[in-house]
Amino acid sequence: MKEFDVVLLTDSRYVNPSKVDQYIENVLNEDGLVIDALKNLNIRVTKKDWNDSNFDWSTTKTAIFRSTWDYFDQFSNFKKWLHFVKDKCELINPYSQIDWNLDKHYLMDLQKWNLPIPESIFVPKKSNLKLDVISSEKNWNHIVIKPTISGAARNTYLLKNEEIKKFQTKWIQLTNNEDFIIQEFQKNILTKGEIAVILFGGVYSHSILKKAKIGDFRVQDDFGGTVEKINPSLEIIELAEKTLKSLPNTPLYARVDFIFNNLNSPVISELELIEPELWFRFKPDSANKLALVIKDFLNNLNT
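Calculation rules
- Here the residue numbers are simple positions, counted from 1 along each chain's written sequence.
- The predicted origin of the model limits local features to residues at a pLDDT of at least 70 and limits the giving and counting of side-chain atom pairs to 80 or more, whereas totals for whole chains, interfaces and linings rest on all residues.
- By convention in this description, side-chain values take in all heavy atoms of the structure and omit both hydrogens and water.
- Numbering goes from the N terminus for both helices and strands, where a helix is a DSSP run of H or I of at least four residues and a strand is a run of E of at least two.
- Exposure categories follow from relative accessible area, calculated using a 1.4 Å probe and restricted to protein chains: below 20% of the type maximum is buried, above 50% is exposed, and the middle band is partly exposed.
- When DSSP finds two or more bridges between two strands, those strands count as paired.
- Fitted lines through C-alpha atoms give the axes, limited to the stretch in contact for helices. The angle between two N-to-C directions lies from 0 to 180 degrees.
- Whether two residues touch is decided by their heavy atoms; if any such pair falls within 4.5 Å, the residues are in contact.
- Between 30 and 60 degrees the pair is tilted, below 30 it is stacked and above 60 it is edge-to-face, where a pair is any two Phe, Tyr or Trp rings, Trp via its six-membered ring, whose centres lie within 6.5 Å.
- It is the directions from the helix axis to the C-beta atoms that the arc portrays.

**Describing unusual backbone geometry**
Cis rather than trans, the peptide bond between Ile92 and Asn93 has omega equal to -5°. Looking at where Asn93 falls in the secondary structure, it is placed in the loop between strand E4 (90-92) and helix H3 (95-101). The backbone phi angle of Asn42 is positive, close to 60°, even though this residue is not glycine. Turning to its location among the elements, Asn42 is positioned in the loop between helix H1 (22-39) and strand E2 (45-49). A relative accessible area of 69% places Asn42 in the exposed class. Although it is not a glycine, Lys126 adopts a positive phi angle of roughly 60°. Its location among the elements puts Lys126 in the loop between strand E5 (120-123) and helix H5 (131-138).

What follows is the structure in structure tokens.
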């Protein structure tokens, strides 16, 4: 018999931290809401660092990704672990979705499925392409570049016309190591922010508005961004649900992020199926929604 039904996956910073600031407190609080919701359904749950080499992953039925926010800093190790653990227990969301969602090339699939995304150019590593030539061909005077595998705005840059050519040396250094995306800067991010739509089992739960601090374009709280609850338009909610219906299988949890492009139309900036922040603290009963979805998943495993 398995010892646990669910392992809540985190990273080492959030396992018995010696110092707790507001950011860590939020992480611990939200992980706690999920753990309590699962325990209230008599689901045996524990919390582990995904990189804990002492834990026997075959002792749990499932593992759910929640605050594994160091994986992109040690991506090679994470991929090896992911390939190993998928044969030890069921992953939530499933391995196939996680593997697909790890790399932002998935945006190309969304586009094939007639879902709106910002126009994007994918640049393979070691391609030695000239950044100013690419931006000139697209007539983009204001661009954002970011790695296809990243998080927390790692190696993400906003470049204006006069800065693009000067950035070439740094651009070559960056693209020697990994694939990148180039997108025209969508200026509405500065005023309208980014809307994060949270769904459980494909059903809408709640939404958060992320806004950058004045003078920045990155909405992440790592860079002073703020979050607040928002009631988005029905168009946004339906587009989020349509996005999940386009997938081969409905994820147990998902976050679809939207911005408004330079034509003021909503486009999908990110589809997060791995370890999205879900802001349970803005709607505490949403942890119960996730727990119920997980319970159904466990019941199906047992039948």
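**With respect to the pairing of strand E13 (residues 266-272)**
The element E13 is extensively covered by neighbouring structure, given that seven of its seven residues are classed as buried. Two strands pair when backbone bridges link them, and strand E12 (residues 253-260) and E13 are joined in this way by six bridges, in the antiparallel orientation. For Arg255, the partnering residue across the bridge sits in E13 and is Glu272. Counted along the chain from E12 to the antiparallel partner E13, the turn is five residues long, and its residue Asn264 has a positive phi close to 65°.

**Describing the sheet that holds strand E10 (residues 203-211)**
The strands making up a sheet associate through hydrogen bonds between their backbones, and the pairing can be parallel or antiparallel. With antiparallel pairing, five strands are arranged side by side in an open sheet as E11-E10-E9-E12-E13. Each having just a single partner strand, strand E11 (226-229) and E13 make up the two edges of the open sheet. In this sheet, neighbouring strand axes are inclined to one another by 30° on average, regardless of whether the strands run parallel or antiparallel. Examined bridge by bridge, strand E9 (residues 194-200) and E12 share six bridges and lie antiparallel to one another. Counted as the bridge partner of Ile198 is Arg255 from E12. Running at roughly 130° to E12, helix H9 (residues 234-245) makes contact with E9, E10, E12 and E13 of the sheet.

**Quick word on the environment of Phe65**
Take Phe65: it is sitting in strand E3 (residues 60-67). Considering only alpha carbons, one finds Phe65 and Asp11, 54 residues apart in sequence, at a separation of 10.0 Å. The residues contacting Phe65, other than those within four sequence positions of it, are Leu9, Phe78, Trp81, Leu82, Leu91, Ile92, Ile98, Tyr253, Ile274 and Glu275.

**So, the packing of aromatic side chains**
Overall, the coordinates contain 18 aromatic pairs when judged by the stated rule. Between the aromatic rings of Trp50 and Phe78, the centroid separation amounts to 5.1 Å while the plane-to-plane angle is 85°, which identifies the pairing as edge-to-face. Here the residue Trp50 occupies a position in the loop between E2 and E3, and Phe78 occupies one in helix H2 (residues 75-85), the gap between them amounting to 28 residues. There is no split in this pair, since Trp50 and Phe78 are both buried. Members of the aromatic cluster, each reached through a chain of ring pairs, are Phe4, Trp50, Phe55, Trp57, Phe65, Tyr71, Phe72, Phe75, Phe78 and Trp81.

**Re H2**
Listing the buried residues of H2 in full gives Phe78, Trp81, Leu82 and Val85. The buried residues of H2 all sit within an arc of 100° when viewed along its axis, so they share a single face.

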